[in-house]
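Examination of the molecular architecture
Residue strings, one per chain:
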Amino acid sequence: DFTVSLPKLGTDEIGELGESIKVLANDLEILKNERNEFLASISHELRTPLTYIKGYADIARRPETNNEDREKYLGIIVEETGKLATLVKELFNLAKMDENTFPIEKEEVHLLPYFEMMIEKVSPALQENRMILHLECPDDLYAQIDPVRFEQVILNLIDNARKYSEPNTSIFIDVALINERIHMTLKDEGKGIPEEDLPRIFERFYRVDKSRARALGGTGLGLSIVKQLVEAHGGMIEVTSSPNIGTTFEIIL
Ligand code: ADP
């Protein structure tokens with residue numbers, strides 16, 4: 001047996017307490033729904049490549065399948081397995097970021113050579129799409145960032161600019177120091193994002209055009225990881241876009 005002594009509450013205070021409990025219960029309900037939606041999205045995203053893998057493995061092993069077709073089906077199986085691997089890796093990173101066991105190891109990074117190095121990495125993919133990347137960055141800029149994690153941010157944004165643009169368009173990266181803060185803008189001349197979708201594009205698994213985005217190899221997790229990484233650096237990211245004119249992401253550190 002034990003007793004708990006509660007302070008005597010007046011009717012006003014009881015009323016306030018009741019209100020707080022209602023707000024809490026509502027928040028819990030929202031969290032529960034978000035969690036369910038997230039789990040439903042994961043199941044769906046995992047099931048899509050698995051369906052292809054199972055389907056093509058079944059046909060590939062039939063004795064009547066000729067070697068040429070078998071080769072083609074195995075190619076699809078390898079590709080879909082790759083997508084699954086990427087998805088699992090990204091989910092794992094997100095889980096680590098959520099529980100804050102995702103260390104950000106900042107160091108002073110000289111930005112011009114850092115951006116040049118990243119651009120060199122993406123240039124074969126951009127050339128394939130006949131796209132040009134223009135970089136504007138003063139030579140005397142340095143930032144305290146985790147070079148490995150931040151590379152993931154920039155490469156993700158460049159890759160999106162490539163995926164959602166037509167050939168013969170450009171990407172512009174502009175790095176500048178404004179009021180003691182580093183501003184990085186990444187602008188493309190691509191298909192843009194409709195205004196009603198803009199507030200949601202940093203959400204996990206949110207995609208404007210699901211089938212097209214999936215065909216381009218997207219997981220729908222890229223931008224949520226980008227945002228989380230930028231915030232882990234103490235920065236912020238914003239997006240502006242006009243359909244068929246282009247999209248601009250701005251990171252402020
Ligand atoms: P995905 O893996 O599908 O690319 P992201 O989280 O990186 O997922 O992006 C979410 C969605 O935002 C994309 O599916 C796409 O519809 C839209 N999007 C992202 N970047 C751009 C861009 N530069 N231009 C147009 N749409 C974009």
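See the structure above.
Everything numeric here is computed off the predicted structure, so don't read it as measured data.

Reading the values: the criteria
- Residues numbered from 1 in each chain as written.
- Predicted model: local features only at pLDDT ≥ 70, side-chain atom pairs only at ≥ 80, totals over all residues.
- Heavy atoms only, no water.
- Pairing = 2+ DSSP bridges.
- Helix = DSSP H or I, 4+ residues; strand = E, 2+ residues; numbered from the N terminus.
- Axes fitted to C-alpha atoms, helices over the stretch in contact; angles between N-to-C directions.
- Contact = heavy atoms within 4.5 Å.
- Near = heavy atom within 4 Å.
- Polar contact = N/O pair within 3.5 Å; in protein donor to acceptor, adjacent residues only side chain to side chain.
- 1 Å grid on protein atoms, 1.4 Å probe; cavity = no way out; pocket = protein on both sides within 12 Å on 5 of 7 lines; lining within 4 Å.
- Sits in = over half its atoms within 2 Å of the grid points.
- Nonpolar A, V, L, I, M, F, W, Y, C, P; charged D, E, K, R; others polar.
- Buried < 20%, exposed > 50% of the residue type's maximum accessible area, 1.4 Å probe, protein only.
- Parallel < 35°, antiparallel > 145°, perpendicular 65-115°, else oblique.
- Left-handed = near helix turned anticlockwise from the far one by under 90°.

1. Section: the sheet that holds strand S5 (residues 181-188)
Taking strand neighbours across the sheet as the criterion, the five strands line up as S2-S4-S5-S7-S6 in an open arrangement whose pairing is mixed. Every other strand in the sheet has two partners, leaving strand S2 (132-136) and strand S6 (236-242) as the edge strands with one partner each. This sheet shows a mean twist of 15° between the axes of neighbouring strands, independent of strand direction. Where S5 meets strand S7 (residues 246-252), five bridges bridge the pair, whose relative direction is antiparallel. Following the sheet pairing, Thr-185 is matched in S7 by Glu-250. With respect to the sheet, helix H3 (residues 111-128) is in contact with S2, strand S4 (170-178) and S5, its orientation differing from that of S2 by roughly 175°. Each of S2, S4, S5, S6 and S7 is contacted by helix H4 (residues 147-163), which is oriented at about 25° to S5, the strand it contacts most.

2. With respect to the site of the ligand
By nearness alone, 19 residues border the ligand, and Tyr-164, Asp-188, Thr-219, Gly-220 and Leu-223 come closest of all. Lys-163 places a polar side-chain atom, nitrogen or oxygen, 3.0 Å from an oxygen atom of the ligand. At a separation of 2.8 Å, an oxygen atom of the ligand approaches a polar backbone atom of Leu-223. Of the pockets mapped on this structure, the ligand occupies the largest pocket. Every element with two or more residues in the shell around the ligand is listed here: H4 and helix H6 (222-232). Here the shell around the ligand takes three residues from H4, the largest share from any one element. Residues of the shell around the ligand, tallied by class, amount to nine nonpolar, seven polar and three charged.

3. Examining unusual backbone geometry
Although it is not a glycine, Phe-205 adopts a positive phi angle of roughly 70°. Residue position: Phe-205 is located in the loop between S5 and helix H5 (210-215). With relative accessibility at 5%, the residue Phe-205 sits in the buried group.

4. Describing the packing of helix H2 (residues 67-98) against H6
Their axes nearest at 11 Å, the elements H2 and H6 cross at an angle of 30°. When the axes of H2 and H6 are compared, the pair comes out roughly parallel. Considering only the axes of H2 and H6, their crossing is left-handed. Along the contact surface, H2 presents Glu-90, Leu-94, Met-97 and Asp-98, while H6 presents Gly-222, Ser-224, Ile-225, Gln-228 and Leu-229. Residues belonging to the contact of H2 with H6 are distributed by class as follows: four nonpolar, three polar and two charged.

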